[in-house]
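Residues per chain, in single letters:
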Amino acid sequence: MTDLGKNTLWHGRFGEPPSEALLAFTESLSFDRRLAFHDIVGSRAHVTILAKQNIVSGEERDSILAALDTVETEISEQTFEYFPTDEDIHTAIERRVTELAGTAGAKLHTGRSRNDQIATGMRLWWRDAGRELGVRIVALQEVLVSRAKDAGEVILPGYTHLQRAQPVMLAHHLLAHFWALDRDVDRLDDALARSDVSPLGAGALAGSSLPLDPHAAATALGFSRAFENSLDAVGDRDFVAEALFVLALTQVHLSRIGEEVVLWSSDEFGFIRLADAYSTGSSMLPQKKNPDIAELARAKSGRLIGNLAGFLATLKGLPLSYNRDLQEDKEPLFDAFDQCSRALVALSGLLDTATFMEERAEIAASAATLAATDIAEWLVSNGTPFREAHAIVGSVVRQAIERGVALEELVEIHPQLGPDAVAILAPGGSVARRTTAGGAGPVAVARQLLMADERLQLRRSRLSI
Ligand code: ARG
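What you see is a predicted model, and the numbers here were worked out from it, not measured in a lab.

Analysis parameters
Residues numbered from 1 in each chain as written. Predicted model: local features only at pLDDT ≥ 70, side-chain atom pairs only at ≥ 80, totals over all residues. Heavy atoms only, no water. Core = buried A, V, L, I, M, F, W, Y, C linked by side-chain atoms within 4.5 Å. Buried < 20%, exposed > 50% of the residue type's maximum accessible area, 1.4 Å probe, protein only. Helix = DSSP H or I, 4+ residues; strand = E, 2+ residues; numbered from the N terminus. Phe/Tyr/Trp six-rings, centres within 6.5 Å; stacked < 30°, edge-to-face > 60°. Lys NZ or Arg CZ within 6 Å of the ring centre and 35° of its normal. Expected span 1.5 Å × (residues − 1). Arc of directions from axis to C-beta. Contact = heavy atoms within 4.5 Å. Axes fitted to C-alpha atoms, helices over the stretch in contact; angles between N-to-C directions. Parallel < 35°, antiparallel > 145°, perpendicular 65-115°, else oblique. Left-handed = near helix turned anticlockwise from the far one by under 90°. Nonpolar A, V, L, I, M, F, W, Y, C, P; charged D, E, K, R; others polar.

Quick notes on the nonpolar core
Thinking step 1. Counting 95 residues, the largest nonpolar core has Ile93 and Leu133 as its most contacted members.
Thinking step 2. The element best represented in this core is helix 7 (residues 114-150), accounting for 13 residues.

Side note on the environment of Ser209
Thinking step 1. Mapped onto the fold, Ser209 is located in the loop between strand 3 (197-198) and helix 9 (214-220).
Thinking step 2. Considering only alpha carbons, one finds Ser209 and Gly111, 98 residues apart in sequence, at a separation of 8.0 Å.

Side note on the packing of aromatic side chains
Thinking step 1. Taken as a whole, this structure holds seven aromatic pairs when the rule is applied.
Thinking step 2. Between Phe80 and Tyr82, the aromatic rings sit 4.8 Å apart at their centres with planes inclined by 55°, giving tilted as the arrangement.
Thinking step 3. Grouped by ring-pair contacts, the aromatic residues Tyr159, Trp264, Phe269 and Phe271 constitute a single cluster.
Thinking step 4. Sitting over the ring of Phe14, Arg13 keeps its end group 5.9 Å from the ring centre.
Thinking step 5. For Arg95, the ring lying beneath its charged end belongs to Phe83, and the centroid distance is 3.8 Å.

Concerning helix 16 (residues 386-403)
Thinking step 1. The terminal C-alpha atoms of helix 16, which comprises 18 residues, lie 26 Å apart, in line with the 26 Å expected from a rise of 1.5 Å per residue.
Thinking step 2. Inspection of helix 16 places Ala389, Ile392, Val393, Val396, Val397 and Ala400 among the buried residues, and these make up the whole buried set. Along the axis of helix 16, the buried positions cluster into a sector of 125°, meaning they face one direction only. Residues of helix 16 that are exposed and angled more than 90 degrees away from the buried face: Arg387, Ile401 and Glu402.
Thinking step 3. Residues of helix 16 that are buried make contact with helix 15 (372-381) and helix 17 (407-413).
Thinking step 4. Directly beyond the C-terminal end of helix 16, a positive phi value near 65° is found at Gly404.

Thoughts on the packing of helix 7 against helix 11 (residues 238-264)
Thinking step 1. Two numbers describe how helix 7 lies on helix 11: the axes approach to 11 Å, and their chain directions differ by 20°. Taken together, the axes of helix 7 and helix 11 lie roughly parallel to each other. Classified by chirality, the crossing of helix 11 by helix 7 is left-handed. Residues Ala119, Met122, Arg123, Trp126, Leu133, Ile137 and Leu140 of helix 7 touch helix 11, and the partners they reach there are Phe239, Val240, Ala243, Val246, Leu247, Thr250, Leu254 and Ile257.
Thinking step 2. When its residues are assigned to classes, the contact of helix 7 with helix 11 shows 13 nonpolar, one polar and one charged.

Here it is as C-alpha cells:
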C-alpha cells in the first residue's frame with residue numbers, strides 16, 4: 001500500500017488506498033475546521049480521564065497535552081499543515097499529535113470514537129455559539145428599547161391586514177418586536193439547557209471495556225451531566241435541530257422587522273429614513289436609496305427555514321446509532337448561525353441610526369376614521385349595545401366615504417352622536433384612551449418600558465454582559 005493509504009485512520013483493515021472520489025465526496029475538513037478548538041478541548045478532557053483511570057501514564061498524558069497545545073498554537077497562527085488524507089478535523093489533529101508525541105500520541109484515541117468525539121465537539125461549539133447568539137439578540141433588544149424611549153409619545157397608525165386600524169404609540173410598536181426577540185432568548189436558553197449533556201465516553205456506540213469515566217469527562221468539559229445511553233449519545237442530533245429552529249424563528253422575527261423597515265422607508269409610508277451607512281444605492285437610478293439590509297434579513301429567513309427542514313429530513317428514518325449522514329449537521333448549523341448573527345448586527349445598526357419621521361407618522365395616525373372604534377365604545381358607555389354602536393358608526397363612515405365629506409361633519413349632525421362624539425375624534429385622543437394593561441396608550445407603555453428594562457437586566461446578568 002502507498003503512503004497515502006497508510007494515512008487513513010483505518011488502514012489496517014484495508015488493502016488499497018482511498019480513491020480520490022471517496023476523499024472528495026466524504027471529507028468534512030473544509031467545514032469542520034471550525035471545530036478545531038472545541039475538538040482540542042474534548043481531547044484534553046479525554047486524555048486527562050485516561051490518565052486518571054491509569055489507561056495512560058502521567059508522562060504520556062503530559063506529552064499528549066503538550067502536543068495538543070502545539071496544535072492549538074499552529075492552528076491559531078495558521079501554520080498547521082493539513083494533508084489531503086485528513087478527512088476531517090479529528091483526523092488532522094490526531095495525526096499531528098502523533099507526529100509530535102510519538103507513541104504517546106497514538107494512545108490519544110484509546111476508548112474513544114470519532115462518533116462520541118464529534119457529538120461532543122458539536123455540543124461544545126453550540127454552547128459557545130449559543131451564548132454569542134444570545135448576546136447579539138439582546139443587543140438588538142437594547143436598540144429597540146432605546147429607540148422606544150426616544151420615541152416619547154409619538155404615535156403612528158397601528159395596522160391589521162395592513163389597513164390602518166387604530167393609532168398606537170411608536171414605542172409600543174417597537175416594543176412588540178422586543179417581546180418576540182425575548183421569546184427567542186428564552187427558547188435559546190431552553191435549547192442550550194437540553195444540549196448540556198456530554199456524549200464523551202459513549203465510544204463508537206456501546207461504551208467501552210476500558211474503565212473510562214463519562215461522568216468525570218462531563219465535569220471536566222463543564223457539562224451538567226453525562227449521557228444515559230451510549231446509542232442515543234452518538235446518534236442524537238436533537239440539539240442541532242433545536243438550534244436550527246431557534247435560529248430560524250429568530251430570523252423569521254428579523255424578517256418581520258425587515259418587512260416593516262422596507263414598507264416604512266418607502267415614499268408611500270415615509271415613517272422612517274435610513275442612515276446612508278445602512279442603505280445602498282442603485283447602479284442606474286441616481287435618486288434611489290434602498291433598504292437592502294432589511295430585504296436580506298427578510299430573505300435569509302427562507303434560507304434558515306430551509307436549513308431546518310433539510311436537516312430534519314436528514315434525521316428522519318436514520319437507524320440507531322451513528323450514521324455518516326449525521327456529518328450533514330454542520331453546514332446548515334454554521335450557516336444559520338453566521339447568517340442570523342450578521343443579520344442581528346446589521347439590523348441593530350440600521351435601527352439605531354434610522355430617523356423616525358415623526359410628523360408624517362402622526363399625520364397618518366390622526367385620521368379621524370382611526371378613532372371610529374372610540375366613538376362606538378363611547379356609545380357603549382352611554383348604554384348602547386356594542387353591535388348597534390358598531391353599525392351606527394360604520395354607516396356614518398360609509399356615508400362620509402361615499403359623499404366625500406369629513407367624518408367629523410357627519411358625526412356632528414348625527415342624532416345619536418353630535419359634538420361630544422366629534423371631540424373624541426381629536427388627534428391623539430384615541431391613543432390616550434387606551435388605558436388597559438399591555439395596551440398602546442402612554443401609561444401602559446411606560447409600564448411596559450420598565451418591564452423591558454427589567455428583562456434586559458436579567459438577560460445581561462445571565463449572559464454576564
Ligand atoms: N466527520 C464525521 C462527522 O462529522 C466525524 C465522525 C466520523 N465517524 C465515522 N464513523 N466515520 O460526523
